[in-house]
Amino acid sequence: EKGGHKHFMAKEIAEQPTVLADAISHYVSTDGTAITLPDGGLDFTQYDRIVMVACGTANYACLTAKYWFEQIARLPVEVDIASEFRYREPPITARTLAIFVSQSGETADTLAALRYCVDKADKILSVVNVQESSIARESDMALPILAGTEIGVASTKAFTCQLNVLALLALKAAQDRGVMDQQTLSDHLSALRNLPGLMNQALGTADAMKSAARKLAQAQDVLFLGRGAMFPLALEGALKLKEISYIHAEGYASGELKHGPIALVDKKVPVVVIAPSDPLFDKSVSNMQEVMARNGKVILVTDSKGAKDAGDGVWQVLLMPEIEPFLAPILYAIPAQLLAYYTAVAKGTDVDQPRNLAKSVTVE
Ligand code: F6R
C-alpha cells in the first residue's frame, strides 16, 4: 500500500508529478489554451476583493496565492487563519469572493469561517481534496484538488495540488479582468504542463537532501527564509520540519531577518534559504551574508544561476532545475518536504503519525 516506500509521506511526496499532471489535465483544455472550470463558472470581473481562509499548510497555500492574485491579476487578497477570522467577524462586502482551502474539508474552524461568510460574500468557493466533505457541500462551488487520498499526517501532495488549483484561478482572474493576453496565458499553461517533469528532477536530488537532512537532524533550532512567493514556503518548510522531526523551526520573510531573528543566529543554527534566482536574488544574497558573518550555516535551495551568484561560504547548496518565477513555489515545495522527511528519518521519529497531531482537526 506504500508502493515500496518506507512511509506514506515518502509515497505521497514521490507521487506528486503524476498526481499533479492528472490534476492539470483536468483543469486545462486539451489544446492547452484555456482553463476549464465546472458549470456555473466564475467571473472574476464581479469581485473587487478575495478573502481566503484556511488553517496550517492550507493557509500557506493561500498566502502563496495572494502573491499570484495580486501580482498577475491585480486583485486584492486578504488571507486569514480560520480560527482568527471566525471570531474577528470581519466586514465582508457583496463584491467579495470568499475562498476556503482544506484538504479534509472537515476542519472545524475553516467550516465555521465558511458559515460566517454565507449570505455576506457574493460567492463561497472551496478548494478541497475530499469532495464529499462538509466544506465542499456547504460551498456554492467546490473545486477538487484531485490529490487522491492523503494518509501521512503531514500534508504534502495536497499542498502542491492546492497550489495548482489556486494558480489556475489566478490565471483565470487575470484573463477575466483583461490584464493578461491569450498568448501569456497559453505560455503559463504550457509551463504548468512542464512542471511535473521538473518536479521529477527535484525528486532526483534525494542524496543531496539526505546529506543536508543529516546536518539539520543535529540542530535544535532551524530558521527558514524566503522572499516574495517563497516566504510562505519558508513558513511551510518550518512547519513540516517541526511537525515530523520535532526540531524547533521558524519561517521568516528574508527581509525580517535583521528585525529580530538574526539574534538567534550562531554556528549551531542552520538557516535554510529558499531562493530561486529572480530579480530579488541579490537581496537574498545580502541576507545570507548577514547570517554567515555571524557564523550561521546556510543551506541554500536555488538553481544553478543562483548557486553561482551566491558566492562562497554557503554550507550546502541544494540545486533545483530552472523554472519560471510564477511556478517556483510549487516546485520548491519538494525540497521543503524532502528536507523535513529525511531529517525525521535521520532522527527516527514517527513520520506518518507524529505525536499530538491528527489528520483532520474537527474540533476547535
Ligand atoms: C500540516 C498539516 C496541517 C493541515 C491543517 C489544515 O502538514 O497537515 O497544518 O494543513 O490542519 O487541514 P485541512 O487542509 O484538512 O483543513
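For the structure, check the block above.
A quick note: this is a predicted structure, and the numbers were derived from the prediction, not measured.

### Quick look at the site of the ligand
Thought 1: Taken together, the neighbourhood of the ligand is formed by 14 residues, with Ser102, Gln103, Ser104, Thr107 and Glu243 sitting nearest.
Thought 2: Between Thr57 and the ligand, the recorded distance is 3.2 Å, taken from a backbone N or O atom to an oxygen atom.
Thought 3: With respect to the ligand, the side chain of Lys240 contributes an N or O atom lying 2.9 Å from an oxygen atom.
Thought 4: For the ligand, the accessible surface in isolation is 410 Å², of which the surrounding protein chains cover 89%.
Thought 5: When contributions to the shell around the ligand are tallied by element, the ones reaching two or more residues are helix 3 (56-73) and helix 10 (231-245).
Thought 6: In the shell around the ligand, the residues fall into 5 nonpolar, 7 polar and 2 charged.

### Observations concerning the pattern of salt bridges
Thought 1: Per the stated rule, a full pass over the model turns up 16 salt bridges.
Thought 2: Taking the shortest distance from any N to any O, the salt bridge between Lys172 and Asp176 comes out at 2.8 Å. With Lys172 and Asp176 both in helix 7 (residues 157-176) and 4 residues apart, the pair spans about one turn of that helix.
Thought 3: Asp176 gets classed as partly exposed once you look at its relative accessible area, which sits at 22%.
Thought 4: Between Lys240 and Glu243 there is a salt bridge; the shortest N-O distance is 3.9 Å. Of this pair, Lys240 and Glu243 both sit in helix 10, 3 residues apart, which is roughly one turn of the helix.
Thought 5: With a relative accessible area of 16%, Glu243 lands in the buried category.
Thought 6: Among the charged side chains, a network of salt bridges with common partners joins Arg49, Glu78, Asp80 and Arg88.

### Observations regarding the sheet that holds strand 4 (residues 123-128)
Thought 1: Here we have 5 strands laid out as an open sheet, ordered 2-1-3-4-5, and parallel in their pairing. The sheet is open, and its two edges are formed by strand 2 (77-81) and strand 5 (141-144), each paired on a single side. Averaged over neighbouring strand pairs, the angle between their axes works out to 20° when direction is ignored.
Thought 2: Two strands pair when backbone bridges link them, and strand 1 (residues 49-54) and strand 2 are joined in this way by 5 bridges, in the parallel orientation. Bridge pairing in strand 2 links Val53 to Asp80.
Thought 3: Together, strand 1, strand 3 (96-102) and strand 4 form the strand contacts of helix 5 (residues 108-117), whose direction differs from that of strand 3 by roughly 165°.

### What to know about the sheet that holds strand 9 (residues 297-302)
Thought 1: Pairing within the open sheet is parallel, and its 5 strands lie in the order 7-6-8-9-10. Both edges of this open sheet fall to strand 7 (248-253) and strand 10 (316-319), since each of them pairs with a single strand only. In this sheet, adjacent strand axes meet at a mean angle of 20° when their direction is disregarded.
Thought 2: Where strand 6 (residues 221-226) meets strand 7, 6 bridges bridge the pair, whose relative direction is parallel. Residue pairing across strands places Leu225 opposite Tyr252, the latter belonging to strand 7.
Thought 3: In this fold helix 11 (residues 281-293) packs onto strand 8 (270-274) and strand 9, with an angle of close to 160° to the strand it touches most, strand 9.

### Thoughts on the packing of aromatic side chains
Thought 1: Enumeration according to the criterion identifies 5 aromatic pairs in this entry.
Thought 2: On the numbers, 5.9 Å between centres and 85° between planes, the contact of Phe85 with Tyr116 is edge-to-face. Here Phe85 is found in helix 4 (residues 82-88), whereas its partner Tyr116 is found in helix 5, with 31 residues between them in sequence.
Thought 3: By relative accessible area, which is 0% here, Phe85 ends up buried.

The rules we used
Residues numbered from 1 in each chain as written. Predicted model: local features only at pLDDT ≥ 70, side-chain atom pairs only at ≥ 80, totals over all residues. Heavy atoms only, no water. Near = heavy atom within 4 Å. Polar contact = N/O pair within 3.5 Å; in protein donor to acceptor, adjacent residues only side chain to side chain. Areas by Shrake-Rupley, 256 points an atom, 1.4 Å probe, with all protein chains shown as cover. Helix = DSSP H or I, 4+ residues; strand = E, 2+ residues; numbered from the N terminus. Nonpolar A, V, L, I, M, F, W, Y, C, P; charged D, E, K, R; others polar. Salt bridge = Lys/Arg side-chain N within 4 Å of Asp/Glu carboxyl O. Buried < 20%, exposed > 50% of the residue type's maximum accessible area, 1.4 Å probe, protein only. Pairing = 2+ DSSP bridges. Axes fitted to C-alpha atoms, helices over the stretch in contact; angles between N-to-C directions. Contact = heavy atoms within 4.5 Å. Phe/Tyr/Trp six-rings, centres within 6.5 Å; stacked < 30°, edge-to-face > 60°.

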